[in-house]
Amino acid sequence: MIYKRSSALFADAERVIPGGVNSPVRAFKGVGGTPIFVKEAKGAYLYDEDGNRLIDYINSWGPMILGHAHEPVVNAVIEKAQKGTSFGMPTEIETQIAELAVAMVPNIDKIRFVNSGTEACMSAVRLARGFTGKDKIIKFAGCYHGHSDSFLIQAGSGASTFGTPNSPGVTKGTAKDTLLANYNDIENVKQLIEANKNEIACIIIEPVAGNMGCIPPKEGFLKALRNLCDANGILLVFDEVMTGFRLAKGGAQELYGINADIVCFGKVIGGGLPVGAFAARNEIMNHLAPLGPVYQAGTLSGNPLAMAAGLAMLTELNNDVKVFKRLAEKTAYLHKGISKVLIENEVVHTINRVGSMISVHFDEGEVIDFATAAKGNNGTFKTFFHSMLSNGVYIAPSAFETWFITDALSYEDLDFTINAVHKFAKTM
Ligand code: HOZ
């Protein structure tokens, strides 16, 4: 494939944007080479500035669960835009999407809309601290809850891709309130709670980790966290930015049958526009301003275009009773096909999958936490990434990210992808 125009556009971008990108993983530093500049996208495909067609497994890092430029979403945005793009005043559509989200997700009474997953998680933790009157939080190594200060401690996603899981700029004062546990290690969580009695406001977790590749919770792990939280007056916060409205209508809470105290959303809830949200039962949400003392605000929160896209997306997902099953079946088909090819060609690997989230790790043995995810052979991943790209398949340019499957993918696309893996495996 030729990337002449992408290379020229990247050189232009580097002059005026740090690293040429507005979010670090996009810069391809984890895999080498020049980032692909997108011209447009439709359904399962990206079309880049050099005229290449790529099957997309990033899907805007999750939101495009029904494919790019999905008509009901696009039409809803166009219609809204003609009536004004931002007011900073209440609009009816905010209540409509809130009502739908509350109906789809178990265990929440009220939801507050913000502009990103980062904002949602940051606000959720402030609310947990305000509600409990305690300062410390527990997060898991390799989980990524956006780039606010409290979370850039052993953070996954781009932070791990660049080897800076603890960012300069986060003060020692902030860092000391974030306690770090190993994913899937309940004994470790117990020890932290024991050592910090009555000081922990919340445990925040991606119920299926998606920022160190895809890592499922071990059987009983989420339930054990729930029990520990109940026994110790700690709130359980599920960061469902990736899993919400993706693994099931009610996200991971529904899939695993575990209730969180606060749930954070992003990605799918905005249908591809900048939306995040956090939600909980009344008792907790009523602590938020203007009802309560915990402050949180935003000029563009509940923006009409964002709400229109989100409402159209959630309506589609709510009305299509088979969509989550279909997505999981497509992902299982891909898993089976890739596995077969890699085994036949003796490429050492582990594949993790939950619903429509999947990742391929180039190492043997279980991938269950950050340490096992980081063991993967990055050299092999780089070769894999570039081989897939040159064969028309775009996966995330980092071994620490998940692939997101879209319903727009046909079985023909999945076979094309498996065939691209076959071409890679033959070179190994
Ligand atoms: N760290 C983000 C995904 N987990 C990347 C977002 C982006 O580059 O758009």
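Here is a short report on the structure shown in this document.

Cut-off values and rules
Residues numbered from 1 in each chain as written. Predicted model: local features only at pLDDT ≥ 70, side-chain atom pairs only at ≥ 80, totals over all residues. Heavy atoms only, no water. Salt bridge = Lys/Arg side-chain N within 4 Å of Asp/Glu carboxyl O. Helix = DSSP H or I, 4+ residues; strand = E, 2+ residues; numbered from the N terminus. Buried < 20%, exposed > 50% of the residue type's maximum accessible area, 1.4 Å probe, protein only. Core = buried A, V, L, I, M, F, W, Y, C linked by side-chain atoms within 4.5 Å. Contact = heavy atoms within 4.5 Å. Arc of directions from axis to C-beta. Pairing = 2+ DSSP bridges. Near = heavy atom within 4 Å. Polar contact = N/O pair within 3.5 Å; in protein donor to acceptor, adjacent residues only side chain to side chain. Areas by Shrake-Rupley, 256 points an atom, 1.4 Å probe, with all protein chains shown as cover. Nonpolar A, V, L, I, M, F, W, Y, C, P; charged D, E, K, R; others polar.

### Here we look at the pattern of salt bridges
So, point 1. This structure, assessed with the given rule, holds 16 salt bridges.
So, point 2. Here Asp261 makes a salt bridge to Arg226, at a shortest N to O gap of 2.9 Å. Remark: Arg226 occurs in helix α8 (residues 221-232) and Asp261 occurs in the loop between α9 (251-256) and β9 (262-265); sequence separation between them is 35 residues.
So, point 3. For Arg226, a relative accessible area of 11% corresponds to the buried category.
So, point 4. Linking Arg281 and Glu283 is a salt bridge whose minimum nitrogen-to-oxygen distance equals 3.0 Å.

### Remarks on the nonpolar core
So, point 1. The biggest cluster of nonpolar side chains holds 113 residues, and the ones touching the most others in it are Tyr57, Phe140, Ile203, Leu225, Phe245 and Leu317.
So, point 2. It is helix α11 (residues 304-319) that provides the largest number of residues to this core, a total of 9 residues.
So, point 3. Sequence-distant contacts of Phe140, defined by excluding residues within four places in its chain, comprise Gln154, Leu180, Ala181, Asn182, Tyr183, Val189, Ile203, Ile204, Ile205, Phe221 and Leu225.
So, point 4. Of all hydrophobic cores here, the second largest spans 22 residues; its members include Val125, Leu127, Phe151 and Val237.

### Regarding helix α7 (residues 186-195)
So, point 1. Those residues of α7 lying buried are Ile186, Asn188, Val189, Leu192 and Ile193. Looking down the long axis of α7, one finds its buried residues gathered within 155 degrees of arc, a one-sided arrangement. Seen from the buried face of α7, the exposed residues on the opposite side, beyond 90 degrees, are Gln191, Glu194 and Ala195.
So, point 2. Contacts made by the buried residues of α7 are with β5 (136-140), β6 (178-181), β7 (200-205) and α8.

### Quick word on the environment of Ile234
So, point 1. Tracing the backbone through its elements, the reader meets Ile234 in the loop between α8 and β8 (235-239).
So, point 2. Along the backbone, Ile234 and Met64 are 170 residues apart, and their C-alpha atoms lie at a distance of 34 Å.

### Some details on the pairing of strand β1 (residues 38-42)
So, point 1. Across 4 bridges, the pairing between β1 and strand β2 (residues 45-48) is antiparallel. Paired with Lys42 across the strands is Tyr45, a residue of β2.
So, point 2. In sequence, β1 turns back onto β2 through a hairpin of 2 residues, with Gly43 there showing a positive phi of about 60 degrees.

### Here we look at the site of the ligand
So, point 1. Taken together, Ser23, Arg26, Trp61, Ser157, Asn211, Met242 and Glu401 make up the full set of residues near the ligand.
So, point 2. Contact between the ligand and Asn211: a nitrogen atom at 2.9 Å from a side-chain N or O atom of the residue.
So, point 3. Protein contact buries 86% of the 290 Å² of open area that the ligand shows by itself.
So, point 4. Per-class residue counts for the shell around the ligand are 2 nonpolar, 3 polar and 2 charged.

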